[in-house]
Every structure is written in C-alpha cells, then in structure tokens.
Amino acid sequence: MELERILHRHGFGSRKICRALIRSGRVAVCGIPVDDPFADISVPDLVFSVDDVDWPYCETATIMLNKPAGYECSRKPIHHPSIFSLLPLPLLERGLQNIGRLDADTTGLLLFTDDGKLNRDLTSPKRKVAKTYAVQLKHPGGPELVRALLDGVLLHDEQDCLAAVSCSLTGVRSLELAVSEGKYHQVKRMVAAAGNRVEFLHRSAIGGLSLPDELKPGQWRWLGDAELVRLREGA
C-alpha cells in the first residue's frame, strides 16, 4: 500500500497533508526514514512513525483508556472537559467512538473503537456483556446488601427488577459488583434502591478484559490481539 494512503487512513490529514509530512522527512517505516509518498509498503506487522511517535498499522483501531474523574464522555461536553481531549488527533480523525459511557465522576476502563460491529456487539442489551465495578459505599455493607443486589432491585421508571451478575463485599464499605445492562446511573441507582449510597465508582473490567494496573489515569494504549479476542468472545 502506498505510504501516503497509510497515513491518510490513520488520520494524519488529507492526502496533500500526508504527502507533505512524508516529503519533509517526518515519517519512518520500521525505523528507516522514507520521503517517497508513493512508496509501496507491506502492511502486515507494520509499525511506522511520525515525528518519532510509533503507530501500528490497524485496519480498525481499538484502544483502552484509564478514565480519570472530571471528564465527560461526549465530544460536546457541558460541565467538564471532553474525554476525547485525552486522545491524540490522529485517533480522533479516524472517528473513534467510546464504547458505552462513564459518568464524569466515575473512573476506570473505557474503550474506544472505529469498528462499528464491535461497538454494537459490546453495547447491545441482547449481548449482556458484564461490566465490573469497584464500589465505595457511604454506609457499611453487609450480606443483606449483597443479597438484595443479587436478587434484584426495582428502580424508578423501570418495569422489571435489575439484578447484579455478581456481587461480593471487599471491605466494610466496599464491594465488587458486575452488571450486564447499561441503564442510566445503573450501579448508583441499584445501590441506592438496596438501601446504601455510592461514594466512589471505578470500572475495572468489561467482559473478559481488565484494566491493567500499569495504565495510569489519563493514559491510553492499543488493545493487543489476544485482548481483542477476549473482548469479542465476551460479546
């Protein structure tokens, strides 16, 4: 594939802009500078760099972000900065969309992709992909709270009870909770309906994919092939 087309596909601007980037010596392929926009490049396992920043060739892009508190999952935020402000421009130009949402004060695992099918599979209510959260409670929890969440609670404006996929106490005022729906403020509302209150919420996993400890708040990285397989299997 022509190098110019590779850069264009990866969100580095128009064909004209990509040609200028390459001719100005700012692009390298496997560590070797290339100044010919029309050079034919083999794309399997390709890693190219622009201004010394490495980019793997990806037909579709899927990344994970450790979302910090104080960011809105919207391109047009109202009260807080957009979560998209934490991502580099080429990814935004590719049209990455967040897979589901987290409240502004909720932290943890957030996925982005330009793979429409993957996005639909992970967010479809029919798929029932589990999302796991670490929950800090206002009041001490106990077996009765866990049982209520596992048995199901009735939320306002909902016809049917919602039950946790799994739930266990991890401390006097903390628990780990997994849900498979994507209702508005679901975890907070479920805990409130069970007689307690969420003070802090952190998403630790989606399906079989967990947030790695080494990914710090505000940082992002590509999903590896094995992680993508686990994610698709979970959907």
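What comes next is a walk through the structure. (Residues numbered from 1 in each chain as written. Predicted model: local features only at pLDDT ≥ 70, side-chain atom pairs only at ≥ 80, totals over all residues. Heavy atoms only, no water.)

1. A short note on the overall build of the protein chain
Turning to step 1, where the next piece is worked out: Secondary structure summary: the protein chain contains seven helices and 13 strands in total.
Turning to step 2, where the next piece is worked out: Once the C-alpha set of the protein chain is aligned to its principal axes, its extents read approximately 70 × 35 × 30 Å.
Turning to step 3, where the next piece is worked out: Residue burial in the protein chain is summarised as follows: out of 235 residues, 44% are buried.
Turning to step 4, where the next piece is worked out: About 12,300 Å² of surface is accessible on the protein chain, with carbon and sulfur atoms providing 51% of the total.
Turning to step 5, where the next piece is worked out: Averaging the positions of the 30 positive and the 30 negative side-chain charges in the protein chain gives two centres separated by 5 Å. (Helix = DSSP H or I, 4+ residues; strand = E, 2+ residues; numbered from the N terminus. Buried < 20%, exposed > 50% of the residue type's maximum accessible area, 1.4 Å probe, protein only. Areas by Shrake-Rupley, 256 points an atom, 1.4 Å probe, with all protein chains shown as cover. Lys, Arg positive; Asp, Glu negative; His and termini not counted. Charge placed at Lys NZ, Arg CZ, Asp CG, Glu CD.)

2. Quick notes on the pairing of strand β8 (residues 131-137)
Turning to step 1, where the next piece is worked out: The element β8 is extensively covered by neighbouring structure, given that five of its seven residues are classed as buried.
Turning to step 2, where the next piece is worked out: Judged from the six bridges that link them, β8 and strand β10 (residues 174-179) form a sheet pairing that is antiparallel. Bridge pairing in β10 links Q136 to S174.
Turning to step 3, where the next piece is worked out: Pairing between β8 and strand β11 (residues 198-206): seven bridges, direction antiparallel. Among the inter-strand pairings, A134 is bridged to a residue of β11, identified as H202. (Pairing = 2+ DSSP bridges.)

3. Observations regarding the pairing of strand β3 (residues 47-50)
Turning to step 1, where the next piece is worked out: Examined bridge by bridge, strand β1 (residues 27-29) and β3 share three bridges and lie antiparallel to one another. Each residue of the ladder has a partner; that of V29, found in β3, is F48.
Turning to step 2, where the next piece is worked out: Looking at chain direction, β3 and strand β4 (residues 53-56) are connected through four bridges and run antiparallel. Bridge pairing in β4 places V50 opposite V53.
Turning to step 3, where the next piece is worked out: Count of turn residues in the β3/β4 antiparallel hairpin: two residues, of which D51 carries a positive phi of about 55°.

4. As for the sheet that holds β4
Turning to step 1, where the next piece is worked out: Sheet architecture is open: four strands sit in the order β2-β1-β3-β4, paired in antiparallel fashion. On the outer flanks of this sheet lie β2 (32-33) and β4, each paired with one strand and no other.

5. Considerations on helix α2 (residues 15-23)
Turning to step 1, where the next piece is worked out: Considered for burial, the residues of α2 that qualify are C18, L21 and I22. Burial along α2 is one-sided: seen end-on, the buried residues are contained in an arc of 95°. Pointing more than 90 degrees away from the buried face of α2 are the exposed residues K16 and R23.
Turning to step 2, where the next piece is worked out: Check the buried side of α2 and you find it contacts α1 (3-9) and β1.
Turning to step 3, where the next piece is worked out: Two residues or fewer after α2 comes G25, characterised by a positive phi angle close to 80°. (Arc of directions from axis to C-beta. Contact = heavy atoms within 4.5 Å.)

6. Observations concerning helix α6 (residues 186-193)
Turning to step 1, where the next piece is worked out: Within α6, burial applies to Q186, V187, M190 and V191. Projection of α6 onto a plane perpendicular to its axis shows the buried side chains occupying an angular sector of 125°, all on one side.
Turning to step 2, where the next piece is worked out: Structurally, α6 contributes buried residues whose contacts are with β8, α5 (143-151), β10 and β11.
Turning to step 3, where the next piece is worked out: Two residues or fewer past α6, G195 is found with a positive phi of approximately 100°.

7. Topic: the pattern of salt bridges
Turning to step 1, where the next piece is worked out: Per the counting criterion, the structure on display carries 13 salt bridges.
Turning to step 2, where the next piece is worked out: We note a salt bridge from R94 to D114, for which the minimum N-O separation is 3.1 Å. Taken together, the residues span a long stretch of sequence, with R94 in the loop between α3 (89-93) and β6 (97-99) and D114 in the loop between β7 (107-113) and α4 (116-123) at a distance of 20 residues.
Turning to step 3, where the next piece is worked out: Judged by relative accessible area, R94 falls into the buried class, the value being 13%.
Turning to step 4, where the next piece is worked out: In this structure, E227 engages R221 in a salt bridge whose closest nitrogen and oxygen atoms are separated by 2.7 Å.
Turning to step 5, where the next piece is worked out: By sharing partners, the salt bridges in this structure join E4, R15 and R19 into a single network. (Salt bridge = Lys/Arg side-chain N within 4 Å of Asp/Glu carboxyl O.)

8. A word on the environment of R26
Turning to step 1, where the next piece is worked out: For R26, the position within the fold is in the loop between α2 and β1.
Turning to step 2, where the next piece is worked out: Excluding residues within four positions of it along the chain, R26 makes contact with L21, S49, V50 and D51.
Turning to step 3, where the next piece is worked out: Engagement of the side chain of R26 in a polar contact is seen with the side chain of D51, the distance being 2.8 Å. (Polar contact = N/O pair within 3.5 Å; in protein donor to acceptor, adjacent residues only side chain to side chain.)

From the geometry alone we can't say anything about function, so treat these as descriptive.
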